[in-house]
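# Overview (structure and organization)
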Amino acid sequence: VQEEKIFAGKVLRLHVCTMEGAEWLEEVPEDTTVEKLKERCLKHCVPGSLEDPKTVTHHKLIHATSEKVLTDTKTVLEENIQDRDVLLLIKKRAPPPLPKMADVSAEEKRKQEQKAPDKEAILKATANLPSRSSDRSVAQHSMRDFQTELRKILVSLIEVAQKLLALNPDAVELFKKANAMLDEDEEDRVDEIALRQLTEMGFPESRAVKALRLNHMSVTQAMEWLIEHADDPAVDAPLPGQIPAEATAEGAASSAEATAGPSSEEGGEEAKDELTEIFKKIRRKREFRADPRAVIALMEMGFDEKEVVDALRVNNNQQNAACEWLLGDRKPSPEDLDKGIDTNSPLFQAILENPVVQLGLTNPKTLLAFEDMLENPLNSTQWMNDPETGPVMLQISRIFQTLNRT
């Protein structure tokens with residue numbers, strides 16, 4: 001008996017397949033290397049392929065069950081291949097050809113062309129251009145002019161809406177509906193679920209309400225604020241610019257009296273004039289609500305509360321613009337905000353001639369939107385997204401921008 005047969009390893013019967021559909025059995029000892037097994041497989045399915053030594057390296061064996069690529073230097077036993085396992089003989093994908101030098105140069109050239117110019121290139125290209133000094137304060141001033149003009153437009157449109165509602169046969173009912181909407185004060189509403197979460201943590205209710213209003217009803221931010229100001233002596237002080245409860249109750253009583261004022265039985269011009277005057281009183285009694293966080297931030301800079309509220313009112317609760325107004329010439333003044341636009345101006349005439357605006361002015365909700373934006377400009381986005389008032393505001397904005405460019 002030959003020695004190699006005495007010490008030979010276990011013979012495994014392996015099922016080999018190719019991508020072309022060929023199948024056969026290979027019987028190999030378990031100490032056979034994967035490379036030798038691959039040579040036997042190639043010799044079986046591709047006669048004469050071994051004449052090219054690269055053929056073996058261009059193929060690979062894959063264990064079908066584990067989807068593992070077998071390593072050429074390991075034995076069948078080391079790869080844990082069992083009897084009757086299935087192997088796949090697959091030709092490796094050819095590696096992509098190396099790019100030619102001409103292609104590399106073209107790619108580098110393309111990258112250089114797409115590269116942004118450096119400071120030196122910019123200065124060289126703009127050397128012959130006339131110098132211009134762009135003042136950013138001018139752009140900000142133009143924005144404040146736009147906001148001031150828009151406010152004037154709203155003041156005048158409120159007058160028109162009041163007269164149109166007074167001419168309606170159902171004027172009193174429309175007034176009651178508009179007045180009820182105007183009495184809805186979103187600023188005083190607190191998220192009950194958020195408030196309960198904070199009170200359950202042990203925070204006092206009044207302090208939790210203040211924290212939620214300062215942090216836009218965010219429980220996490222309100223909790224951080226409460227912890228940060230736990231030892232602050234002024235933590236329970238009312239928010240700057242906030243209307244006291246007594247004033248709110250008094251305003252509600254005035255609204256009730258105003259609602260009961262006009263009678264559905266009254267007719268003629270006197271009733272219409274009285275209704276218009278009631279609308280004017282409602283607008284005059286409503287006060288601007290300054291953003292509490294902006295008030296606190298500006299007061300910490302040393303400004304008085306009244307002038308801070310005036311600055312925020314002039315600049316639509318924009319803290320940065322209000323700061324510049326306080327440090328600048330303080331124009332326009334708060335008194336200028338109560339003035340309407342020239343009713344004979346082309347801008348106002350174009351707005352009134354727009355059919356969408358005309359239809360919107362007969363809707364009490366539009367009056368509510370105008371009044372609310374005068375009181376708190378931060379709510380403008382809400383009314384721009386409203387399906388009833390949004391189209392009206394969009395038309396006013398488009399007309400303003402169109403005439404402002406001409």
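Relevant structure appears above.
Residues numbered from 1 in each chain as written. Predicted model: local features only at pLDDT ≥ 70, side-chain atom pairs only at ≥ 80, totals over all residues. Heavy atoms only, no water.

### Some details on the pairing of strand β1 (residues 11-18)
- The pairing of β1 with strand β2 (residues 23-29) spans seven bridges and is classified as antiparallel. Bridging from a neighbouring strand, Leu12 pairs with Val28 of β2.
- Where β1 hands over to β2, the hairpin turn is made up of four residues, of which Gly21 adopts a positive phi near 105°.
- Both β1 and strand β5 (residues 86-91) contribute to a ladder of four bridges, which runs parallel. Across the sheet, the residue bridging to Val16 is Leu87, located in β5. (Pairing = 2+ DSSP bridges. Helix = DSSP H or I, 4+ residues; strand = E, 2+ residues; numbered from the N terminus.)

### Some words on the packing of helix α9 (residues 205-214) against helix α10 (residues 219-228)
- α10 packs onto α9 with a crossing angle of 120° between their chain directions and a minimal axis gap of 8 Å. It follows that α9 is oblique to α10 by the angle criterion. For the crossing formed where α9 meets α10, the hand is right-handed. Taking contact as the criterion, the partners of Arg207, Ala208, Lys210, Ala211, Leu212 and Leu214 in α9 are, on α10, Val219, Ala222, Trp225 and Leu226.
- A per-class count over the contact of α9 with α10 returns eight nonpolar, no polar and two charged. (Axes fitted to C-alpha atoms, helices over the stretch in contact; angles between N-to-C directions. Parallel < 35°, antiparallel > 145°, perpendicular 65-115°, else oblique. Left-handed = near helix turned anticlockwise from the far one by under 90°. Contact = heavy atoms within 4.5 Å. Nonpolar A, V, L, I, M, F, W, Y, C, P; charged D, E, K, R; others polar.)

### Some points on the nonpolar core
- Core analysis: the biggest nonpolar cluster contains 25 residues, and Ile153, Leu157, Leu347, Ile351, Phe370, Met373 and Ile396 have the highest contact counts within it.
- Those elements giving two or more residues to this core turn out to be α6 (136-167), α16 (346-352), α18 (364-375) and α20 (390-405).
- With seven residues, the top contributor of residues to this core is α6.
- In this structure, Phe370 is in contact with Leu154, Leu157, Ile158, Leu361, Val392, Met393 and Ile396, ignoring residues within four places of it in sequence.
- Among the nonpolar cores identified, the runner-up in size contains 16 residues, and Val28, Val34, Leu37 and Leu89 belong to it. (Core = buried A, V, L, I, M, F, W, Y, C linked by side-chain atoms within 4.5 Å. Buried < 20%, exposed > 50% of the residue type's maximum accessible area, 1.4 Å probe, protein only.)

### Looking at helix α15 (residues 319-327)
- Taken together, the buried positions of α15 are occupied by Ala321, Ala322, Cys323, Trp325 and Leu326.
- Against α13 (292-299) and α14 (305-314) lie the buried residues of α15.

So, to be careful, I would describe these as geometric facts and stop short of saying anything about function.
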